[in-house]
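Listed below, chain by chain, are the residues.
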Amino acid sequence: MPRTGVFVCWCGSNIGGVIDCPGIAAQAAGFPAVVHSVDYKYLCSEPGQNMIIQAVREHRLDRVVVASCSPRLHEETFRKVLARAGLNPYLVEMANIREHCTWVHGAEKEQAQAKALALVRRAVAKANRLEPLFESTIPVTKRCLIVGGGIAGIQTALDVADAGHEVVLVEREPTIGGNMVKLDKTFPTLDCSACISTPKMAAVAAHPDIRLYTCAEIEKVTGYIGNFEVTIRRKARYVDHEKCTGCGTCWEKCPMQVPSEFNAGLGQRKAIYIPFPQAVPNKPVIDREHCRYFTTGKCQVCAKLCPAGAVDYEQEDEVFTEKVGALVAATGFQLFNWSRVYGEYGYGRYPDVITGLQFERLVNAAGPTGGKILRPSDGSAPRTVVFIKCVGSRDESKGRSYCSRICCMYTAKHALQVLEKVPGAQVYVFYMDVRTAGKGYEEFYQRAVREGVVYVRGRVSKVYRDGERLVVRGVDTLLGRPVEVDADLVVLATAVEPAAGAGETARLLGINADRDGFFQEAHPKLRPVETHTGGVFLAGACSSPKDIPDTVAQASGAAAKVVGLLSREQLSTNPMIAQVNETLCTGCFLCVPVCPYKALERRKITELLPGHPPREREVAGVNPGLCQGCGACNAVCRAGAVEVRGFTNEQLLAEVDALCL
Amino acid sequence: MRYSYYSGCSLHATAREFDLSTRAVCRRLGIELAEIPDWNCCGATAAHSTSHLLGVALAARNLALAGEQGLDVLVPCAACYQRLAVARKEMDQNSELWKRVVRITGRDYTDRVGIKSLLEVLAGLDSEQLAAQVVRPLEGLKVACYYGCLLVRPPAVTGFDDPEHPRTMDRLVRLAGAESVDWDYKTECCGAAQGVSNEPVALKLARDILEVASRAGADCLVCACPLCQSNLDARQGHVNRAYGTSLKLPVMYFTQLLGLAFGFDERELGLDTLFVDPRPVIRALG
Amino acid sequence: MRLNLTVATRDGTEFVRRVEAESGQKVADCYQCGKCTAGCPVTFAMDLMPHQVVRLLQLGLGDEILESKTIWLCSTCATCTTRCPRNIDLARLMDTLRSTARSAGRTKAGKGIAQFNEVFLDSVRRYGRAHELGIGLRYNLKTGKLFKDSDLARGWFLRGRLKVAVPKIRGVAEIDRIFNEIKRMEGGK
């Protein structure tokens with residue numbers, strides 16, 4: 001017979017203000033196997049914890065029930081208390097009489113009292129059947145793999161590598177740098193975005209502990225925290241980067257013109273190209289889809305002219321694996337494709353209606369216009385520029401319900417840049433709210449207003465052409481009047497959304513995405529860079545829209561978590577995982593496909609039955625590194641052979657009996 | 001192909017030529033029209049502005065009658081089309097409303113018939129089938145296709161074409177050999193609903209549409225709604241008087257244009273009964 | 001004049017609740033971006049902008065709406081409904097406000113259109129169809145503008161597009177029943 005102690009917590013007035021805690025303790029004293037039952041103001045406090053330890057010793061308790069708050073909050077605390085008292089830490093059971101009772105039944109005290117008592121009775125029933133559990137350890141591979149080489153991935157890579165761990169950085173584009181390096185200036189300080197990001201890119205390339213794969217994507221992830229194996233496909237670049245010196249002859253002579261992705265379609269690049277002059281690596285790739293040789297079988301100009309003989313049309317994709325202990329998702333964002341749904345703004349039929357990212361390229365000295373703001377339609381300087389905010393953001397009917405966070409500030413920056421670069425220009429910003437939470441942000445917005453940007457509160461209903469005019473039809477809700485602007489250039493602040501393929505990345509990494517496709521943090525406030533999958537971390541805009549300061553801060557946060565993990569020689573595993581009773585297992589393997597963590601596998605065993613020759617058969621086995629203890633296998637097992645430790649059938653049925661009988 | 005035909009009140013009077021040209025074009029394309037026996041007025045704007053239930057109930061009687069025919073309903077008039085489509089959608093989605101309407105009309109509406117606008121049906125035909133009928137391509141004619149409100153809005157009800165930049169009528173116009181001009185007032189409201197009670201409003205909206213179409217280079221305008229047609233055509237004189245303009249932009253039904261390309265006679269299509277005579281523009285094509 | 005919000009929101013609750021129930025629209029969903037006003041083709045004639053109508057509803061100021069011309073000028077073109085980022089069917093809301101105004105006998109601001117609707121529906125009730133000539137004549141008689149659109153009528157007539165004969169359907173009794181039933185259900189309006 002166990003010797004169980006019950007401790008009822010008041011949690012100040014949170015619990016004690018609703019129910020009669022001494023009464024609960026008194027009644028619990030009569031429950032089976034309970035030899036000690038008391039109440040206390042704050043059990044999580046230092047004196048409270050000491051009281052439990054003392055009671056364990058005095059009354060020789062070997063099971064403990066704590067009736068207090070959610071186990072999410074303090075289960076760990078009380079396990080440590082048991083350890084200090086010399087008990088196995090898994091012999092504590094909590095009854096959540098706060099979140100599950102007094103917080104929600106504050107108005108019906110009598111029923112709350114009855115419910116709290118029932119919850120304690122349940123906890124005692126389970127506690128009496130608890131078994132000691134023991135953690136085991138697994139080794140840690142002291143390397144980290146980062147998916148995505150934008151500023152988030154770059155910052156994480158540099159921080160982890162500087163801490164002395166090897167980093168594998170995987171980027172699907174031909175260069176790292178992501179969105180940030182395409183931007184002209186950053187708000188609110190107006191420093192040059194490329195100037196502050198290219199040194200970091202170069203640092204990545206030069207770092208002895210960073211292995212960089214561009215044109216590469218992850219294809220498969222196996223393993224678990226501390227011990228992942230990642231399959232990477234590095235696409236053929238058709239240029240041998242070992243031989244290539246980056247001299248530029250090939251792209252100068254290539255006859256094919258292709259709209260430049262880096263310039264958001266506003267400029268041209270060649271079919272063999274580097275995306276921009278400071279690309280890392282600074283070696284070209286061939287865009288097979290547009291290459292004349294690949295499409296017609298003739299040309300080979302680049303191969304003929306390459307002094308290093310680096311062009312290799314026969315190059316194939318490489319597939320290889322990397323072993324790492326931690327993974328970081330830093331897949332970033334893309335802009336919402338407005339031209340698919342915004343018919344009222346012309347569905348992209350007017351060349352002079354562009355996105356904010358296109359504007360960044362127009363205003364950038366290294367961009368297609370050399371930094372002059374010119375209309376895409378005719379190359380003239382626009383006199384009147386209209387900015388429209390929240391295109392696809394805060395728009396449930398066409399786009400996303402959320403606020404994209406960065407548009408208010410970059411639009412203010414764009415507006416100022418127009419005033420600076422086009423003397424005498426008129427600039428209008430249509431907005432619903434101006435959101436400027438950030439250091440120096442509000443001041444920056446006020447500066448735009450003071451320098452003459454006309455802010456008009458209201459959404460734009462239509463952008464249309466009438467003869468030579470491009471008309472923006474909006475409203476000034478503060479005046480209560482519809483308004484109209486004859487615009488030369490219209491810039492849309494389109495919504496930030498997860499990068500293309502983010503869903504697939506989430507699936508490969510075994511992490512969740514929210515309803516908008518952003519990766520889900522383990523806790524939105526307290527665990528913002530972790531995920532529910534051990535060893536997988538988040539950096540940057542892949543988890544929600546972020547500006548550069550927040551992205552970099554989060555990237556360093558993720559790096560700290562990675563370094564923390566990699567600094568350990570071994571990890572202790574959660575013992576509350578599935579176990580298979582091999583004798584009962586019939587080998588139906590229904591459990592294998594239901595496991596979301598791929599933790600169940602087929603295993604061969606040799607059975608020795610008295611009077612029979614040894615027999616080989618297949619049963620289910622649990623990989624303790626992968627199992628998260630969710631219990632899906634337990635539910636599906638017809639033979640009752642799989643159980644989760646700490647949640648065995650016997651324990652759960654005892655709880656049900658205690659509640660219902 | 002056979003449809004229940006709901007012509008609506010206007011097509012029996014001021015929009016006679018829409019009826020004429022619809023029947024002519026459908027006959028040529030092998031589309032059989034079986035007029036709904038004893039149909040009643042859909043109630044138009046007046047009914048739903050007065051009582052939501054009245055708007056649905058008046059439309060529902062027609063749906064019940066069409067149900068007896070067992071055919072999908074084809075509606076040329078954009079306004080009638082939208083009223084019938086709204087009624088059908090609302091009753092389908094709200095069984096409480098459906099029960100009330102059955103009580104009110106005394107007619108069970110259980111055979112859920114489809115509601116299709118004439119434009120939707122014709123635009124859904126095979127290009128080759130349509131092109132085969134074109135004996136007189138209207139080459140050189142620049143046409144502004146005007147869809148108005150009710151064919152494309154609200155998209156949750158209508159849905160067969162884009163509410164901001166519809167293209168079905170443009171496609172038919174091009175199949176007829178004419179050129180459809182790209183313009184951005186295709187779905188702006190013409191204000192016809194205000195024509196009688198508040199004419200200045202209607203005139204302003206009509207003027208804007210006619211002027212934008214002219215500036216886009218159109219020789220004429222085609223539409224699919226009797227209210228739009230009479231507002232833009234018959235009231236064009238009033239527009240000129242009110243604004244001192246000298247607009248002279250013929251406004252035809254798209255079926256008249258198709259009929260011309262199919263080789264019908266101007267009179268068979270009622271082209272002689274419009275206010276702004278389209279015949280000079282047509283004849284100038286040679 | 002300063003608005004007492006305490007009084008307005010307290011006294012207006014019931015009106016707003018009825019309008020929301022009848023229209024199926026939730027006025028609190030509106031975040032006042034004004035896209036409805038920006039796209040509305042008739043604002044030039046309106047005394048209240050469409051987004052202001054919703055704002056007044058949010059604050060419970062039904063009276064100002066029922067006295068406004070705006071609800072009668074709305075052509076139900078549904079441009080607002082189509083483009084609303086909050087999925088509010090403003091055209092439907094306007095319908096509800098018109099019928100509310102009518103049943104409250106407050107049609108002064110929209111006299112012309114209310115009279116037209118009445119004459120139109122009278123024709124539908126009597127014949128089952130809209131008899132355009134009859135509607136035009138009766139409307140002119142009612143409003144005292146005897147020769148309004150007489151040039152158009154003459155034009156149509158000369159072109160054989162004006163039907164003098166009344167197009168009565170066989171099922172007029174059914175139509176009458178529809179009108180009566182609705183009158184009964186909606187409490188005698």
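What counts and what doesn't
Residues numbered from 1 in each chain as written. Chains lettered and ligands numbered in written order. Predicted model: local features only at pLDDT ≥ 70, side-chain atom pairs only at ≥ 80, totals over all residues. Heavy atoms only, no water. Disulfide = S-S within 2.5 Å. Buried < 20%, exposed > 50% of the residue type's maximum accessible area, 1.4 Å probe, protein only. Core = buried A, V, L, I, M, F, W, Y, C linked by side-chain atoms within 4.5 Å. Helix = DSSP H or I, 4+ residues; strand = E, 2+ residues; numbered from the N terminus. Contact = heavy atoms within 4.5 Å. Patch = residues over 30% accessible without salt bridge, like charges linked within 9 Å, V, L, I, M, F, W, Y side chains within 5 Å. Areas by Shrake-Rupley, 256 points an atom, 1.4 Å probe, with all protein chains shown as cover. Salt bridge = Lys/Arg side-chain N within 4 Å of Asp/Glu carboxyl O. Buried area = accessible area lost by both parts, 1.4 Å probe. Pairing = 2+ DSSP bridges. Axes fitted to C-alpha atoms, helices over the stretch in contact; angles between N-to-C directions. Polar contact = N/O pair within 3.5 Å; in protein donor to acceptor, adjacent residues only side chain to side chain. Nonpolar A, V, L, I, M, F, W, Y, C, P; charged D, E, K, R; others polar. Parallel < 35°, antiparallel > 145°, perpendicular 65-115°, else oblique. Left-handed = near helix turned anticlockwise from the far one by under 90°. Domains from an automatic or database assignment. Phe/Tyr/Trp six-rings, centres within 6.5 Å; stacked < 30°, edge-to-face > 60°.

Description of the state of the cysteines
For step 1, the next point in the chain: This structure, assessed with the given rule, holds one disulfide over all chains.
For step 2, the next point in the chain: Residue A:Cys192 pairs covalently with A:Cys195 via a disulfide, S to S 2.3 Å. Its S-S torsion of approximately 80° makes the covalent link between A:Cys192 and A:Cys195 right-handed.
For step 3, the next point in the chain: Looking at A:Cys192, the relative accessible area reads 25%, which means it is partly exposed.
For step 4, the next point in the chain: Cysteine B:Cys80 is unpaired, with the sulfur of B:Cys77 as its nearest cysteine sulfur at 3.5 Å.
For step 5, the next point in the chain: In this structure C:Cys77 is not part of a disulfide, and its nearest cysteine sulfur, from B:Cys149, lies 4.5 Å away.
For step 6, the next point in the chain: In this structure C:Cys77 comes out as buried when scored by relative accessible area, which is 9%.

What about the nonpolar core?
For step 1, the next point in the chain: Of all hydrophobic cores here, the largest spans 146 residues; its most connected members are A:Val490, B:Leu122, B:Trp183, B:Leu221 and B:Phe254.
For step 2, the next point in the chain: Element by element, the count of residues in this core is highest for helix H3 (residues 52-69) of chain B, at 10 residues.
For step 3, the next point in the chain: When near neighbours in sequence (up to four residues on either side) are disregarded, A:Val490 contacts A:Asp352, A:Val353, A:Ile354, A:Val386, A:Ile388, A:Val463, A:Leu470 and A:Val472.
For step 4, the next point in the chain: Grouped together as the second largest cluster of nonpolar side chains are 55 residues, A:Val160, A:Val328, A:Ala330 and A:Leu571 included.

Concerning a nonpolar patch on the surface
For step 1, the next point in the chain: Taken together, the side chains of C:Leu141, C:Leu146 and C:Phe147 make up a nonpolar region of the molecular surface, amounting to roughly 380 Å² of accessible area.
For step 2, the next point in the chain: Mapped onto the secondary structure, C:Leu141 falls in helix H9 (residues 132-143).

Digging into the interface of chain B and chain C
Many authors give the size of an interface as the accessible area that is lost as the parts come together.
For step 1, the next point in the chain: Opposite the 62 residues of chain B that make contact, chain C presents 57 residues.
For step 2, the next point in the chain: In total, chain B and chain C occlude about 5,200 Å² of area from one another, counting both sides; carbon and sulfur atoms represent 57% of this.
For step 3, the next point in the chain: There are seven salt bridges connecting chain B and chain C.
For step 4, the next point in the chain: Between B:Glu90 and C:Arg92 there is a salt bridge, with the nearest N and O atoms lying 3.6 Å from each other.
For step 5, the next point in the chain: Where the side of chain B that touches chain C is concerned, the elements lending two or more residues are helix H1 (16-29), helix H2 (44-50), H3, helix H5 (95-105), helix H9 (199-215), helix H10 (226-233) and helix H11 (236-243) of chain B.
For step 6, the next point in the chain: When residues of the side of chain B that touches chain C are assigned to their parent elements, the largest contribution, seven residues, is made by H2(B).

As for the sheet that holds strand E3 (residues 73-75) of chain B
Residues and elements named next belong to chain B.
For step 1, the next point in the chain: As summarised here, the arrangement of the four strands in space is E2-E1-E3-E4, forming an open sheet in which the pairing is parallel. The open sheet has two free edges, formed respectively by strand E2 (32-35) and strand E4 (115-117), since each of these has just one partner strand. Across the sheet, the axes of successive neighbouring strands diverge by a mean angle of 40°, strand direction being ignored.

Structural notes on the environment of A:Val301
Residues and elements named next belong to chain A.
For step 1, the next point in the chain: As for its position among the elements, Val301 is in helix H11 (residues 301-305).
For step 2, the next point in the chain: Sequence separation of Val301 and Cys250 is 51 residues, and the distance between their C-alpha atoms is 7.5 Å.
For step 3, the next point in the chain: With residues near it in sequence (within four places) discarded, Val301 still touches Lys253 and Tyr313.

Brief notes about the pattern of salt bridges
For step 1, the next point in the chain: As enumerated under the stated definition, the model contains 86 salt bridges over all chains in all.
For step 2, the next point in the chain: Two residues, A:Arg349 and B:Asp182, come together in a salt bridge whose shortest N-O distance is 3.1 Å. In this pair, A:Arg349 sits in the loop between strand E19 (333-335) and strand E20 (353-355) while B:Asp182 sits in the loop between strand E6 (179-180) and H9, so the two residues belong to two different chains.
For step 3, the next point in the chain: Residue class for A:Arg349 comes out partly exposed when judged on its relative accessible area of 26%.
For step 4, the next point in the chain: When the shortest N-O distance is used, the salt bridge between C:Lys148 and C:Asp149 registers 2.9 Å.
For step 5, the next point in the chain: Judged by its relative accessible area of 15%, C:Asp149 falls in the buried class.
For step 6, the next point in the chain: One network of salt bridges, in which partners are shared, links A:Asp466, A:Arg469, A:Glu484, A:Asp486 and B:Arg215.

Points about the interface of chain C and chain A
For step 1, the next point in the chain: Taken together, the contacts link 18 residues of chain C with 21 residues of chain A.
For step 2, the next point in the chain: Contact between chain C and chain A buries roughly 1,500 Å² in total, counting both sides, with carbon and sulfur atoms accounting for 49%.
For step 3, the next point in the chain: Three residues stand out in chain C for area buried against chain A, namely C:Lys35, C:Ala38 and C:Arg83, and they jointly supply 35% of the buried area on that side.
For step 4, the next point in the chain: The interface formed by chain C and chain A holds two salt bridges in total.
For step 5, the next point in the chain: For A:Glu396, the salt bridge is made with C:Arg86, and the minimal N-O distance between the two is 2.5 Å.
For step 6, the next point in the chain: Linking chain C with chain A are 11 residue pairs in polar contact (both at pLDDT 80 or more).
For step 7, the next point in the chain: For the side of chain C that touches chain A, the secondary structure elements donating two or more residues are helix H2 (35-39), helix H3 (50-58) and helix H6 (79-83) of chain C.
For step 8, the next point in the chain: With four residues, the top contributor of residues to the side of chain C that touches chain A is H2(C).
For step 9, the next point in the chain: Within the side of chain C that touches chain A, the residues separate by chemical class into six nonpolar, nine polar and three charged.

A closer look at the packing of helix H2 (residues 21-28) of chain A against helix H6 (residues 109-127) of chain A
Residues and elements named next belong to chain A.
For step 1, the next point in the chain: Close contact between H2 and H6 brings their axes to 10 Å; oriented N to C, the two are set at 40°. One way to sum up the angle between H2 and H6 is to call them oblique. Of the two possible hands of crossing, H2 and H6 adopt the one that is right-handed. Taken together, the residues of H6 that come into contact with H2 (itself represented by Ile24, Gln27 and Ala28) are Gln113, Ala116, Leu117 and Val120.
For step 2, the next point in the chain: Considering only residue class, the contact of H2 with H6 consists of five nonpolar, two polar and no charged.

Examining the domain arrangement of chain C
For step 1, the next point in the chain: When its domains are assigned, chain C resolves into domain 1 (5-106) and domain 2 (111-185).
For step 2, the next point in the chain: Using C-alpha coordinates to define each centre, domain 1 of chain C is positioned 29 Å away from domain 2 of chain C.

Quick notes on unusual backbone geometry
Residues and elements named next belong to chain A.
For step 1, the next point in the chain: For the peptide bond that leads from Phe187 to Pro188, omega is -10°, which places it in the cis range.
For step 2, the next point in the chain: If you trace the backbone, Pro188 turns up in the loop between strand E8 (185-186) and strand E9 (191-192).
For step 3, the next point in the chain: Cis geometry marks the peptide bond from Val280 to Pro281, where omega comes out at 0°.
For step 4, the next point in the chain: One can find Pro281 in the loop between strand E15 (272-273) and strand E16 (285-286).
For step 5, the next point in the chain: In this structure, Phe589 is a non-glycine residue whose phi angle is positive, near 60°.
For step 6, the next point in the chain: Inspection of the secondary structure assignment puts Phe589 in the loop between strand E31 (578-580) and helix H17 (591-594).
For step 7, the next point in the chain: Phe589 sits in the buried class, given a relative accessible area of 9%.

Details of the side chain of B:Asn240
Residues and elements named next belong to chain B.
For step 1, the next point in the chain: If you trace the backbone, Asn240 turns up in helix H11.
For step 2, the next point in the chain: A distance of 2.8 Å separates the side chain of Asn240 from the backbone nitrogen of Leu247, its partner in a polar contact.
For step 3, the next point in the chain: Setting aside anything within four residues of it in sequence, one finds Asn240 in contact with Thr245, Ser246 and Leu247.

Digging into the packing of aromatic side chains
Residues and elements named next belong to chain A.
For step 1, the next point in the chain: Per the counting criterion, the structure on display carries 22 aromatic pairs over all chains.
For step 2, the next point in the chain: Ring centres of Tyr402 and Phe518 lie 5.5 Å apart, and the angle between their planes is 65°; on these two criteria the pair is classed as edge-to-face. Remark: Phe518 occurs in the loop between helix H15 (502-509) and strand E29 (536-538) and Tyr402 occurs in the loop between strand E21 (384-391) and helix H13 (407-421); sequence separation between them is 116 residues. Across the pair, exposure class does not vary: Tyr402 and Phe518 are buried alike.

Some remarks on H10(B)
For step 1, the next point in the chain: With seven of eight residues buried, H10(B) lies mostly within the body of the structure.
For step 2, the next point in the chain: Along H10(B), the positions that sit buried rather than exposed are B:Pro226, B:Cys228, B:Gln229, B:Ser230, B:Asn231, B:Leu232 and B:Asp233.

Looking at the sheet that holds strand E27 (residues 489-494) of chain A
All names here are of chain A.
For step 1, the next point in the chain: Spatially, the five strands line up as an open sheet ordered E20-E27-E21-E22-E23, and their pairing is parallel. Whereas interior strands pair on both sides, the edge strands pair on one side only; in this sheet they are E20 and strand E23 (454-457). Direction aside, neighbouring strands of the sheet carry axes that sit 25° apart on average.
For step 2, the next point in the chain: Looking at chain direction, E21 and strand E22 (residues 426-431) are connected through five bridges and run parallel. Bridging across to E22, Val386 finds its partner in Tyr428.
For step 3, the next point in the chain: Each of E20, E21 and E27 touches helix H12 (residues 356-363); the most contacted strand, E20, lies at about 90° to it.

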